[in-house]
Amino acid sequence: MQAKEFKVKWGMLVDLDKCTGCGACTVACRAENNLPPEADAANKLRTNDWMNIYELSNEKPFPDHEVAYLPRPCMQCGHPSCSTVCPVVATLKDEEGGIVSQVYPRCIGCRYCMAACPYHARYFNWFDPIWPEGMEKVLTPYASARPRGVVEKCTFCHHRFMAAKEQARMNGEDPTELAEDAYIPACAEICPTGAIKFGNLKNPEHEVSKLAASKYAFRLLEKLGTDPQVYYYSKREWVRKLGDNYLKNAKGGEHV
Amino acid sequence: MGLDRRSFISLVAGGVAGSLFTPVIWKTLDDVSIWTQNWPWIPRLQYGEELTFPALCKLGSDAYGVKVKTVGGRPVTAEGNPDHPLSLGGICPLGAASVHLLYSPSRVKNPKLKDGSSFKDITWAEAEELLAGKIREAGSNVAMISGDETGSVTDVLSGLVGKAGSDKSFFMPGESAPAAAALAMLGGDGQVGYDIENANYVLLLGADALGSWGNVARNGKAFSASREKGVKFVYVGPAQNGTSAVADSWVPCNTGTEPVLALGIAAVIAGTSRDRSSWPGFASFAKFVQTAYPLDKVAEITGVKAAVITGLAQELVRAGRPLVLTAAEAGQGLGAFELAAGMSLNMLLQRVNAVGGVRILPWAPKVVEAAADRKTMFANDLVAYLSSVADGGAEAPALLMVYGANPAYALPNLTKAQAAMDKAGFVVSFSSFMDETAAMADLIMPDSYAFERLDDAYSPYGSGQPNYTVVAPVIKPVFDTRPAGDVLLVVAAKAELDLGFESFEDVVKAKAEALGADFDEMVEGAAWVSEEFPAQDLALWTTPLQELAVAAKDGKSLALAPVQRLKIGSAKIAIPPFNTNAIRFDEMLGNDMYVLLNAATAKNLGLKKDDAVKIASSGGECKARVRIFEGVMNDTVVAPLGLGHTAWDAFSRDKGDNVYKLLAADTEAESGLSRFATVRVTVSKA
Ligand code: SF4
Ligand code: SF4
């Protein structure tokens, strides 16, 4: 299938030489997007983690061992495997910016998209979203709570994109020419080491577009031709090498 | 409806391919998806005006500014505060979860009095009367424990204890106390800070500066900025962690022996040709380190090769603006001599009170007259005191007040600490949560949560420059709680102990004034920062030099490397509900936590991946499973602090085991402080 081209292509670049695996991005993502708390979340069989952190290892014995941490949001693929298999067209890549959308009211929970996504970036809602009593008061107004039985995933905090466009229109600016800091997803904003960069991959002024062109940048499973909009960056060769077969080497997240 | 969900799905999946091109199916599918999405309760989103408020997060060992976003007056998320010197826009995984804790299932919603094996609800008036009575009864036989080194509530509490005639004001263990004692050994006086931002080479001896140690958010920003400037970060420690994952190199070093490495490096530097003979104390220091710490001996103790040690020494000397940061992996447990070892290395490199070096900050001004000052409190050793109470060496306090701390969970020599608290006549907990200490207390006077109270913080340990933060409440208390500072002043008045202040706000105002800061501007969000560092007359060790005590290897036991991972909580807070997902499946299996061993060590012990094990020290025992992780020294076991809660809620209770039980403390002769960074344990199949 021919990928749609957009004038603006939002992209994320995670500098794996800066990520400490602290988990702040995971927590911020849950809070921003109203993912309910899960008491038994260490067991990844039924969890819902839009932003999951994997531990990568160079698999060498002590003392030559090295680790890197790889935060994994939805890759917002240029050729998304998920949308082609969705029988009800609940997921699509059709909006300026190139974010793969997920329409919850339309999702029938068949989980074909989960099977198709090579990045395990999609999550099935096994349980009703239950907040401890009173905690529903901290629900943000940004993302409606998803019911049991649908599939969900990271949206690059799409609501922040909408708000930024709205703001640009109000300021009489061109919403397709957003400045670099006008739209930043929650995970990128919160990361204490600034490992997550975000911007328009097609705007040469934006740092992501420069970094994505670096020889140290890579994408996960590039050989599949999914054309992800999430880039990773590492000066460590072994880390870059894992990018193309990370499922074999990844430690973490054996969810279904 | 006769069609169940599964057959519906296969029906749709089978029939849909051919029908996608007709528009009719869309409407039908939208309708049908409504009944496949069967759920009992749909949270309604509430909209409203969006605002942000400056606030403080003290959930880790640090205290730093955050911004709380509110929607229609409801706090919804917390973000880093770009205007705060210790956040610079960054936040840690506890700060990220801080807003949800307002409604944590563990919140204590009103004052409670122990009633047999449970609690009964009482009113604030009753609670205050009761405590005032207990204070009068106890006379000078009172003690207090605080987990907040930075805030003025500690001064009010200590003032109350002081007014009652007791000097038993204690902090929970951390590194401020040994650092202050270490500085004193070198002839200095003040609070130790590190100017990471301006260093051009950072040697982290044990300090997990990007994961859990010191001002984590600020450290992260400083690290990030220094990447672009080509600053080198070297991490030295027994195991790989978040810091080592991004540092330029990891130097494996036996648990808790980083200070020995520091003295070994010092010996190499002292032996270089540069003439330092005019430096105070240099001659005896150089002689001492060169005799006591020859390269081969240091290599033997630390497990670091001699060539690596000389390499590090050369890099430090060449760097220009090097900074050596010494800490225990878990941010506590080192003795003063050990911290002085790292500090003396900075001195040798002329990095004290220098840009990009170690900075000496003035102590916080004292405003509550009767309170013990910070320096005195740091010299009071809680672990030793409680152990002595448990052993009958010291009298148990008739009244023990605990604020911002969870000593019944997070102390070394834990069994003794718990026994001592059991012996105390009456225990009062000022806690926002039903933690282990609150659960065993006689009276709980629930403190309002961080975003519900006026609070302040003066220069958390490690701060590169003096700073002071004051925050106003973001919202009114959501439960029947009250800020501890105010409650204590009311109770003091009832007990006829005059602390000189009517309200906690007056205390904070007085502190701001003493610092020359503007209270009104500060509550609006401006942080106060100073560049004044008291002059120091340091000499390379003014107290007798002595060899560091290192736990002896016996071929049977392993070194324990306790580590902190803020995502699973801290000494103060259990796993926040929103953080359980950040736990990886290789960190916990069911409710069993993993400890890390390398393959060689596991093989020696006859252990395999996932084996259930018992870890035992002279302090106690823990249960865990084995994860083989090659980023650990030989004969070392890495275990996470912060799990194994017995109180709290479903998000943390009974998950893993409490590694504090393994931390057996001994006493450092010269300083009298407890040390517990080098504990030996046995690991055997459970
Ligand atoms: S917040 Fe940043 S450093 Fe922490 S895990 Fe996420 S990407 Fe890594
Ligand atoms: S971009 Fe937004 S939705 Fe996606 S992982 Fe980051 S915080 Fe979550």
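Keep in mind that this is a model prediction, so the values were computed, not measured.

**What about the overall build of chain A?**
Then step 1. Of the regular secondary structure elements, chain A holds eight helices and ten strands.
Then step 2. What you see for chain A is a C-alpha radius of gyration of 18 Å, in line with the 18 Å of a compact globule of 256 residues.
Then step 3. Dimensions of chain A, computed from C-alpha atoms along their principal axes, come out at roughly 50 × 45 × 40 Å.
Then step 4. Counting every position in chain A, which comprises 256 residues, the buried fraction comes to 66%.
Then step 5. Put simply, 68% of the contacts in chain A that link residues at least 6 apart link residues at least 24 apart.
Then step 6. Split by element, the accessible area of chain A, about 9,500 Å² in all, is 53% carbon and sulfur.

**Some remarks on the site of ligand 2**
Residue and element names in this part refer to chain A.
Then step 1. As a structural note, the neighbourhood of ligand 2 is formed by 13 residues, with Cys29, Cys154, Phe156, Cys157 and Cys187 the closest of them.
Then step 2. Going through the elements one at a time, α1 (24-33) and α5 (186-190) are the ones with two or more residues in the shell around ligand 2.
Then step 3. A class-by-class count of the residues in the shell around ligand 2 yields eleven nonpolar, two polar and no charged.

**Quick look at a negative patch on the surface**
All names here are of chain B.
Then step 1. Among the surface-exposed residues, Asp518, Asp520, Glu521 and Glu524 lie close enough to one another that they form a single negatively charged patch.
Then step 2. Along the chain, the position of Asp518 falls in the loop between α19 (504-515) and α20 (519-523).
Then step 3. On the basis of relative accessible area, Asp518 is assigned to the partly exposed category, the value being 35%.

**Description of the site of ligand 1**
Then step 1. As a matter of local geometry, ligand 1 sits amid 13 residues, with Cys19, Cys22, Gly23, Cys25 and Cys191 of chain A nearest to it.
Then step 2. Of the residues in the shell around ligand 1, the class split is nine nonpolar, four polar and no charged.

**Topic: the environment of Ile145 of chain B**
Residue and element names in this part refer to chain B.
Then step 1. Topologically, Ile145 is positioned in strand β6 (residues 142-146).
Then step 2. Judged by its relative accessible area of 1%, Ile145 is buried.
Then step 3. Spatially, the C-alpha atoms of Ile145 and Leu382 are 7.9 Å apart, while their sequence positions differ by 237 residues.

**Observations concerning the pattern of salt bridges**
Then step 1. In the structure shown here, the tally under the stated rule is 52 salt bridges over all chains.
Then step 2. The partner of Asp155 of chain B in a salt bridge is Lys511 of chain B, with the nearest N and O atoms 2.9 Å apart. Separated by 356 residues along the polypeptide, Asp155 of chain B in helix α5 (residues 153-163) and Lys511 of chain B in helix α19 bring together distant segments of the chain. Here the two residues Asp155 of chain B and Lys511 of chain B agree in accessibility, since each one is buried.
Then step 3. With its nearest N and O atoms 3.0 Å apart, the salt bridge here joins Asp586 of chain B to Arg584 of chain B. The pair formed by Asp586 of chain B and Arg584 of chain B is uniform in burial state, with each residue classed as buried.
Then step 4. Members of the salt-bridge network, linked through shared partners, are Glu55 of chain A together with Lys567, Arg584, Asp586, Glu587 and Arg627 of chain B.

**What about the UniProt feature "domain: 4Fe-4S Mo/W bis-MGD-type" (unreviewed entry) in chain B?**
Then step 1. UniProt feature "domain: 4Fe-4S Mo/W bis-MGD-type" (unreviewed entry): in the numbering of this structure it lies at residues 50-106 of chain B.
Then step 2. Helix and strand shares over residues 50-106 of chain B are 7% and 40% respectively, and the end C-alpha atoms of the span are 28 Å apart.

**Brief notes about the confidence of the model for chain A**
Then step 1. Here chain A shows a mean pLDDT of 89. Residues at 70 or above account for 94%.
Then step 2. Note that pLDDT drops below 50 for residues 251-256 of chain A; the model gives that stretch 27 contacts with residues more than four away or on any other chain.

**Overview of the sheet that holds strand β9 (residues 201-205) of chain B**
The pairing of strands in a sheet comes from backbone hydrogen bonds and takes either a parallel or an antiparallel form.
Residues and elements named next belong to chain B.
Then step 1. Ordered by their spatial adjacency, four strands build an open sheet running β11-β10-β9-β12, and the pairing between neighbours is parallel. If you trace the sheet from one side to the other, it starts and ends with β11 (249-252) and β12 (322-326), each paired once. Taking the axes of each pair of neighbouring strands and ignoring which way they run, one obtains an average angle of 15° across the sheet.
Then step 2. The pairing of β9 with strand β10 (residues 232-237) spans five bridges and is classified as parallel. Across the sheet, residue Leu204 finds its bridge partner in β10, namely Tyr235.
Then step 3. Across the sheet, helix α12 (residues 306-319) lies against β9, β10, β11 and β12, angled at about 140° from β9, the strand it touches most.

**Structural notes on the interface of chain B and chain A**
How big an interface is tends to be expressed through the accessible area that disappears when the partners come together.
Then step 1. Counting residues at the interface gives 79 residues for chain B, matched by 83 residues for chain A.
Then step 2. Buried surface at the junction of chain B and chain A, both sides included, amounts to about 6,300 Å², of which 62% is carbon and sulfur.
Then step 3. Applying the counting criterion to the chain B and chain A interface returns five salt bridges.
Then step 4. The salt bridge partner of Arg584 of chain B is Glu55 of chain A, with a shortest N-O separation of 2.6 Å.
Then step 5. Seen at the junction of chain B and chain A, the total is 20 residue pairs in polar contact (both at pLDDT 80 or more).
Then step 6. Elements with a minimum of two residues in the side of chain B that touches chain A: α1 (5-19), α2 (24-36), β2 (64-71), β3 (74-80), α3 (93-96), α7 (216-228), α8 (242-246) and β11 of chain B.
Then step 7. With seven residues, α7 of chain B is the single largest residue contributor to the side of chain B that touches chain A.
Then step 8. A breakdown of the residues in the side of chain B that touches chain A according to their chemical character gives 44 nonpolar, 20 polar and 15 charged.

Calculation rules
Residues numbered from 1 in each chain as written. Chains lettered and ligands numbered in written order. Predicted model: local features only at pLDDT ≥ 70, side-chain atom pairs only at ≥ 80, totals over all residues. Heavy atoms only, no water. Helix = DSSP H or I, 4+ residues; strand = E, 2+ residues; numbered from the N terminus. Rg over C-alpha atoms; globule rule 2.2 N^0.38 Å. Buried < 20%, exposed > 50% of the residue type's maximum accessible area, 1.4 Å probe, protein only. Contact = heavy atoms within 4.5 Å. Areas by Shrake-Rupley, 256 points an atom, 1.4 Å probe, with all protein chains shown as cover. Near = heavy atom within 4 Å. Nonpolar A, V, L, I, M, F, W, Y, C, P; charged D, E, K, R; others polar. Patch = residues over 30% accessible without salt bridge, like charges linked within 9 Å, V, L, I, M, F, W, Y side chains within 5 Å. Salt bridge = Lys/Arg side-chain N within 4 Å of Asp/Glu carboxyl O. Lys, Arg positive; Asp, Glu negative; His and termini not counted. Charge placed at Lys NZ, Arg CZ, Asp CG, Glu CD. UniProt positions renumbered as here; feature names shortened; annotations may be inferred. pLDDT = per-residue confidence, 0-100. Pairing = 2+ DSSP bridges. Axes fitted to C-alpha atoms, helices over the stretch in contact; angles between N-to-C directions. Buried area = accessible area lost by both parts, 1.4 Å probe. Polar contact = N/O pair within 3.5 Å; in protein donor to acceptor, adjacent residues only side chain to side chain.

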